[in-house]
Amino acid sequence: MTRSAVTVSLVAESKGGPFVFWDDLPAACRQAQELGFDAIELFAPGPDAVSAAELTSLLKSHGLRLAAVGTGAGWVKHKLTLTSPDAAVRGKAADFIRSMIDFGGPHGAPAIIGSMQGRWGDGVSKDQAICWLRDALNELGEHARQFQVPLIYEPLNRYETNLVNTVAAGVELMTSLRTDNARLLADLFHMNIEEVDLAAALKAGGKWIGHIHFVDSNRRPAGCGHLNYAPLIAALQQIGYSGYLSAEALAWPDPLAAAQQTIREYRRLTGAVA
Ligand code: LER
Ligand code: MN
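Residues numbered from 1 in each chain as written. Chains lettered and ligands numbered in written order. Predicted model: local features only at pLDDT ≥ 70, side-chain atom pairs only at ≥ 80, totals over all residues. Heavy atoms only, no water.

A.B. asks: How do you make sense of the coordination of the manganese ion (ligand 2) when you look at a structure like this?
C.D. replies: Each pair of donors in an ideal octahedron of six around a metal sits at 90 or 180 degrees, and each pair in an ideal tetrahedron of four sits at 109.5 degrees. The protein atoms that coordinate the manganese ion (ligand 2) are Glu154 (OE), Asp187 (OD), His213 (ND1) and Glu248 (OE), at distances of 2.1 to 2.2 Å. Here the manganese ion (ligand 2) binds 6 donor atoms, and the angle range of 70 to 175 degrees at the metal identifies the geometry as octahedral. Sequence positions of the residues that donate to the manganese ion (ligand 2) give the spacing E-x32-D-x25-H-x34-E. Taken together, the positions of Glu154 in the loop between strand E6 (151-153) and helix H6 (167-175) and His213 in strand E8 (residues 209-213) put the pair 59 residues apart, joining distant regions of the chain. Judged by its relative accessible area of 1%, His213 is buried. (Donors = N, O, S within 2.8 Å, 3.2 Å for Na, K, Ca; no water. Tetrahedral: all angles 85-135°; square planar, octahedral: opposite > 155°, others 65-115°. Helix = DSSP H or I, 4+ residues; strand = E, 2+ residues; numbered from the N terminus. Buried < 20%, exposed > 50% of the residue type's maximum accessible area, 1.4 Å probe, protein only.)

Structure below.
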């Protein structure tokens, strides 16, 4: 059985990005609870954006879990990546992600590496970039273990990275790691651009699929684009996926309507009851 989650962004620099709720964490928790989401996924500017005590209290009082925390603020705010030609930048990128693992971990939430993976080029070969990425995933995957959460790595579409664009390439990366504590994030928006067959890719991803960004082809909420979800849900059932379907989607036409649309579609597709 899967669980539902909805994204909340507290990152001013990401305005217009694919997040449902914005800026006001208590209000987002209230609305997520009212709509019946199981969890929120938090995109925060850094580990100090909200204290552990406040986050614990907000989650508890609204009956919510923390599905995951994004680390992309390290890129959008500080221009850090794990594959920068500059060793000092790579080091700071790993430090930032470690701090986000420490932020989400006590709440049972894994950290997601998406845009922090960077790209090859600018004097860095693909082999070298993948090697640096692998080193970072090994180290950070082991760091996450103390919280009994995996490290989540997200293949992105070709316009956002040239490192790993498909689930299959993600599996190849996962199987080349020393750590066994990393899993893949399958973002249906990125997959719609890169995969030949989304359901087949999910099935082939199998046990490596650790998180889903639940969104439509045009990055609008599920049901507002042209994805055919039934085979995708069947594929997830077939691989025994029991994690989150987390709405990382544009707040289209507005945050509340996007959240309502998502939970309605989630229930219709999964048979979850309100
Ligand atoms: C970026 O396009 C994305 O999908 C995020 O989840 C990664 O930071
Ligand atoms: Mn995503």
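Anyway, onward from the coordinates.
A.B. asks: Before we go on, may I ask you to explain the nonpolar core in this structure?
C.D. replies: Across soluble globular proteins, you tend to see nonpolar side chains buried next to one another. In this structure, Leu25, Ile40 and Leu42 are the most contacted members of the largest nonpolar core, which totals 90 residues. Residue contributions to this core peak at 8 residues, all from helix H5 (residues 126-144). Residue contacts for Ile40: discarding those within four places in its chain leaves Val6, Val8, Leu25, Cys29, Ala32, Leu59, Leu64, Arg65, Leu66, Ala67 and Ala68. (Core = buried A, V, L, I, M, F, W, Y, C linked by side-chain atoms within 4.5 Å. Contact = heavy atoms within 4.5 Å.)

A.B. asks: What should I look at first to understand H5 in this one?
C.D. replies: Because the α-helix completes a turn every 3.6 residues, residues three or four places apart line up on one side. The end-to-end C-alpha separation of H5 is 26 Å, in line with the 27 Å expected for 19 residues at 1.5 Å each. Turning to H5, its buried residues are Ala129, Ile130, Trp132, Leu133, Ala136, Leu137, Asn138, Leu140, Gly141, His143 and Ala144. Where H5 is buried, its residues meet helix H4 (87-104), strand E5 (111-113), E6 and H6. (Expected span 1.5 Å × (residues − 1).)

A.B. asks: Explanation requested: helix H1 (residues 25-35) in the structure shown.
C.D. replies: All buried positions along H1 are accounted for by Leu25, Ala27, Ala28, Cys29, Ala32 and Leu35. Two to three positions downstream of the cap, the backbone nitrogen of Ala27 sits 3.1 Å from a side-chain oxygen, assigning the N-cap of H1 to Asp24. (Polar contact = N/O pair within 3.5 Å; in protein donor to acceptor, adjacent residues only side chain to side chain.)

A.B. asks: Just to check I follow, could you spell out empty space enclosed by the protein for this structure?
C.D. replies: To find leftover empty space, a probe the size of one water molecule is rolled over the atoms. One pass over the structure, following the stated rule, counts 1 cavity of 30 Å³ or more. Volume-wise, the largest cavity comes out at about 30 Å³. In terms of lining residues, the largest cavity is bounded by Pro155, Asn165, Thr166, Val167, Leu185, Ala186, Asp187, His190, Met191 and Glu195. Among the elements of the structure, strand E7 (182-187) and helix H7 (188-194) are those that each provide at least two residues to the lining of the largest cavity. The greatest single-element share of the lining of the largest cavity, amounting to 3 residues, is contributed by E7. In terms of residue class, the lining of the largest cavity is built from 5 nonpolar, 3 polar and 2 charged. (1 Å grid on protein atoms, 1.4 Å probe; cavity = no way out; pocket = protein on both sides within 12 Å on 5 of 7 lines; lining within 4 Å. Points joined across faces, edges and corners; volume = space filled by probe spheres on them. Nonpolar A, V, L, I, M, F, W, Y, C, P; charged D, E, K, R; others polar.)

A.B. asks: Would you explain the packing of H4 against H5 in this entry?
C.D. replies: Packed helices, taken two at a time, are described by their axes: the angle between them and the distance between them. The N-to-C vectors of H4 and H5 enclose an angle of 25 degrees; their axes lie 10 Å apart at closest approach. Of the possible angle classes, the one that applies to H4 and H5 is roughly parallel. Read as a crossing pair, H4 and H5 show a hand that is right-handed. Counted together, Arg90, Ala94, Ile97, Arg98, Ile101 and Asp102 of H4 and Trp132, Glu139, Leu140, His143 and Ala144 of H5 form the full contact between these two elements. (Axes fitted to C-alpha atoms, helices over the stretch in contact; angles between N-to-C directions. Parallel < 35°, antiparallel > 145°, perpendicular 65-115°, else oblique. Left-handed = near helix turned anticlockwise from the far one by under 90°.)

A.B. asks: Would you take a moment to explain the side chain of Glu195 for this structure?
C.D. replies: Tracing the sequence through the fold places Glu195 in the loop between H7 and helix H8 (198-205). Buried and unpaired, Glu195 has Arg158 as its nearest opposite-charge partner, separated by 9.7 Å. Separated by 2.8 Å, the side chain of Glu195 and the backbone nitrogen of Val167 make a polar contact. If near-sequence neighbours (up to four positions away) are discounted, Glu195 is found in contact with Thr166, Val167 and Ala201. (Lys, Arg positive; Asp, Glu negative; His and termini not counted. Salt bridge = Lys/Arg side-chain N within 4 Å of Asp/Glu carboxyl O.)

A.B. asks: How do you make sense of the environment of Phe103 when you look at a structure like this?
C.D. replies: Mapped onto the elements, Phe103 comes out in helix H4. Not counting residues up to four positions away in its chain, the partners in contact with Phe103 are Leu42, Ala44, Pro47, Val50, Leu55 and Val69.

A.B. asks: Please clarify how the layout of surface pockets should be interpreted in this entry.
C.D. replies: Approximately 600 Å³ is the volume found for the largest pocket. When contributions to the lining of the largest pocket are tallied by element, the ones reaching two or more residues are strand E3 (39-43), helix H3 (73-76) and E5. Top contributing element to the lining of the largest pocket by residue count: E3, with 3 residues. Taken together, the residues of the lining of the largest pocket break down into 11 nonpolar, 15 polar and 9 charged.

Don't take any of this as a statement about function, it's just geometry.
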